[in-house]
Every structure is written in C-alpha cells, then in structure tokens.
Amino acid sequence: MSPPESCLAHIGRHALATLALAVSCMVAAAEAGTGQAINSISVVGTRFEVTTGDGRIVPQNDLVGAILTIGDGQGQMPLRIDAVEIDPRNPDGGIMLYAMSTRDAAGGAWRNVCEPDIEGRRMGFPLAGTWTQDGRHLPSETAFSITCTGGAQAKCARFGYRPWESAPDGTPLWDHHQACTRMIRADYCGDGIGHTRNGTPIVVYDRKGIQQDETAPDMSFEAAWGPDGALCVSHTRIPDVLTMEGLAAICPGVRQLPQAATCESHAGALILNRSIDPRTVKAAAE
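This structure is a prediction, so every number in the text was calculated from the model and none was measured.

## Re the overall build of the protein chain
A tally of regular secondary structure across the protein chain gives 6 helices and 16 strands. A total of 286 residues make up the protein chain; the buried ones form 46% of that total. When contacts within the protein chain are restricted to residue pairs at least 6 apart in sequence, long-range pairs at least 24 apart make up 59% of them. For the protein chain, the exposed area adds up to about 13,100 Å²; of that, 51% sits on carbon and sulfur atoms.

## Points about the side chain of serine 145
In this structure, serine 145 sits in strand S11 (residues 143-148). Of the residues examined, serine 145 reaches a relative accessible area of 1% and is grouped as buried. Polar contacts involving the side chain of serine 145 include one to the main-chain carbonyl oxygen of glycine 129, which spans 3.1 Å.

## Some details on the packing of aromatic side chains
In total, this model carries 3 aromatic pairs according to the counting rule given. Pairing phenylalanine 48 with tyrosine 98 gives two aromatic rings, centres 5.2 Å apart and planes at 70 degrees, and the pair type is edge-to-face. Remark: tyrosine 98 occurs in strand S6 (residues 96-103) and phenylalanine 48 occurs in strand S3 (residues 47-52); sequence separation between them is 50 residues. Residue phenylalanine 48 is classed as buried on the basis of its relative accessible area, which comes to 1%. Geometrically, the ring pair formed by phenylalanine 48 and phenylalanine 144 is edge-to-face, given 5.9 Å between the ring centres and 85 degrees between the ring planes. You can see phenylalanine 48 sitting in strand S3 and its partner phenylalanine 144 sitting in strand S11, a full 96 residues away along the chain. As far as the burial class goes, phenylalanine 48 and phenylalanine 144 line up, both buried. Members of the aromatic cluster, joined through ring pairs, are Phe48, Tyr98 and Phe144.

## Observations regarding helix H3 (residues 174-185)
Given a rise of 1.5 Å per residue, 12 residues ought to cover 16 Å, and the 17 Å separating the end C-alpha atoms of H3 matches this to within 8%. If you check which residues of H3 are buried, you get His176, His177, Gln178, Ala179, Cys180, Thr181, Arg182, Met183 and Ile184. Two residues or fewer past H3, alanine 186 is found with a positive phi of approximately 55 degrees.

## What about the state of the cysteines?
Taken as a whole, this structure holds 4 disulfides when the rule is applied. Across the disulfide from cysteine 156 sits cysteine 180; the S-S distance is 2.1 Å. With the S-S bond torsion at -85 degrees, the cross-link from cysteine 156 to cysteine 180 turns out left-handed. Of this pair, cysteine 156 sits in helix H2 (residues 152-159) while cysteine 180 sits in helix H3; the two residues are 24 residues apart in sequence, bridging distant segments of the chain. Accessibility classification places cysteine 156 together with cysteine 180 in one group, the buried group. Between the sulfur atoms of cysteine 232 and its disulfide mate cysteine 263 the distance is 2.1 Å. Given an S-S torsion of about 100 degrees, the disulfide between cysteine 232 and cysteine 263 has right-handed geometry. Of this pair, cysteine 232 sits in strand S14 (residues 229-233) while cysteine 263 sits in helix H5 (residues 260-264), placing them 31 residues apart in sequence. A relative accessible area of 0% means that cysteine 232 is categorised as buried. Judged by relative accessible area, cysteine 263 falls into the buried class, the value being 0%. Here the cysteine-cysteine linkages of the protein chain are recorded as 1-2, 3-4, 5-7, 6-8, numbering only bonded cysteines and doing so in sequence order.

The rules behind each value
- Each residue is numbered by its place in its chain's sequence as written, counting from 1.
- In keeping with the model being predicted, local features are shown solely for residues with a pLDDT of at least 70 and side-chain atom pairs are shown and tallied solely at 80 or more, while totals for entire chains, interfaces and linings include all residues.
- The side-chain quantities take in all heavy atoms of the structure and omit both hydrogens and water.
- By definition, any uninterrupted DSSP run of H or I lasting at least four residues is a helix, any uninterrupted run of E lasting at least two residues is a strand, and each is numbered from the N terminus.
- For the exposure calls, accessible area comes from a 1.4 Å probe over protein chains only, and a residue counts as buried if that area is under 20% of its type's maximum, exposed if over 50%, partly exposed in between.
- A contact between two residues is defined here by any heavy atoms of the two lying within 4.5 Å.
- Computed with the Shrake-Rupley method and a 1.4 Å probe, the accessible areas treat only the protein chains shown as cover for residues.
- Between N or O atoms, a polar contact is any pair within 3.5 Å; within protein, one atom must be a potential hydrogen donor and the other a potential acceptor, and residues adjacent in sequence are included only when both atoms are from side chains.
- Only the six-membered ring of Trp is used, alongside the rings of Phe and Tyr, when aromatic pairs are assigned; centres must lie within 6.5 Å, and planes under 30 degrees apart are stacked while those over 60 apart are edge-to-face, with the rest tilted.
- Helices are assigned an expected span. That span is 1.5 Å times one less than the residue count.
- We call a pair of cysteine sulfur atoms a disulfide when they lie within 2.5 Å.

Keep in mind these numbers describe shape, not what the thing actually does.
Structure (structure tokens):
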C-alpha cells in the first residue's frame, strides 16, 4: 500500500490522521481563486490560513477548489477543499468546517476523507498537534491533524473545549479537550482503547459552565474524567462491552465509586458525564 493510500485509510477508520504540513504545499493555486504564489499555510484554531506572496491572507471561501499537498512523514497525498462553512453549532465563527477529499489510489477518483457523522455530515477541520497511539494530544508548531465531525477530537472542540483557547477564568482548555476525548471514547484507562459504541447517548458537562448538566430519562452519573482517563467510575457505559469487574481488571488504578455524588465531586475532574445505566432502567421497570 502506498503512503497516500495508507494515510487515507487511517482517516477513514479513525476520523483522524496525523499529518505534517508541507509549507510549499499549495498545488494549482489558481484553483483556490488566488492566482498568486502561496507563501505559507498554517493552522489557526480550526482554519487553514493561506498567505500569498504579497502577504495577503486568502479568504476562507476562496479556498474552495484548493489542493493542498500534505505528508505523513512517509509520503505525500493531495487534499482538496470542496466546501467551507462556519460550524452551525458555533455561530461565533470559532470553528470552520471543511469538506475535504483525496484521490483514490486505485481508480484516481476524488472521495471524501470523512465518514458520515450521526447527522450525515461529512466534514472536518485541521487541529494543531499530533496524537499518540494511546490517545495523547501533543502540541506542535509544524504538524496538524485532520479530524472529522464524527470523531472525538472534533466533537469535543465543537462542544466548546477548544484546545487553542482558554476558559473565561483564564484556564487553558487543552486538558479539558484531552479529558473530553477520553470521555467520548469511554477510554477509562487512558490507554487509547475505547469501551463504547457509536451513537450511544451521553450528557456532557463541566465546572466551567461550557457545557451544562442536563437531566435525561434513564441516565445517571457515569464518571469523572481527567486528561489521562477516568478518575472514578460509578458505572460503565455499556456493560456488554465492559463490566465494572472488567474495568477493575484492566484499570486497577481507576476508583470505582458506585455512590455517584462521591465520584461527581472528585476535585480533579475536568469533564463529567451521564449515560444510561441498565441497572437503573431495570429497577424502574420492576
């Protein structure tokens, strides 16, 4: 398998690919509506920021049709920007969404790099930094990731945990974003292995007021989360996937606190969540 195809497969399976940015990476700049040589390309928040030779930043809408050449350290692949829009969930313009495609290695046709999310949207955005196999987000000034809206990284940024920003009280949100990605995947051990299924409903909240707690039928407190995984767990999200006994076996350092109030008040918690507890549903039915 060639490097470009390998990179695309990684995007398709995980909605995330770590990609090193080639500075002179604009191919066919006229297609981007600039008609000028490209001096640099950087990632600012979730935006591709393209600067021309005369120092002008190309407007976002003019990037439609642009083909960026990006590398993963092994080879290069073309990434075409097919559409650009402000995220409707973030009308402040803090998050841009891009429809992106690359050439199929077999037939040469362009195909979207993102799988549909729960709303059927096939879009994503770049995010500065790289990700390790165990799910750690590492800062970088020269590399970025492509995350799709169905992936944990994008979901958490769209929730308001923008790793490049700070909370109103000045707290950097990098660790909140990291903790959120652990929570989304039910990565209790902080080892990059998730214990959930796509489409499982959850309620996400925090102590900064970025996401508010909400009561929801059949849902109860699940866990308190930090950047390295769960700090304590009251019940696992899907017992068919991982039981509390199984959790104790693979994550002996994660405290099990069936009394939800005790776990919810954990001092180090950055992200908290609720999910459906089959025990509660069963008790209510009886």
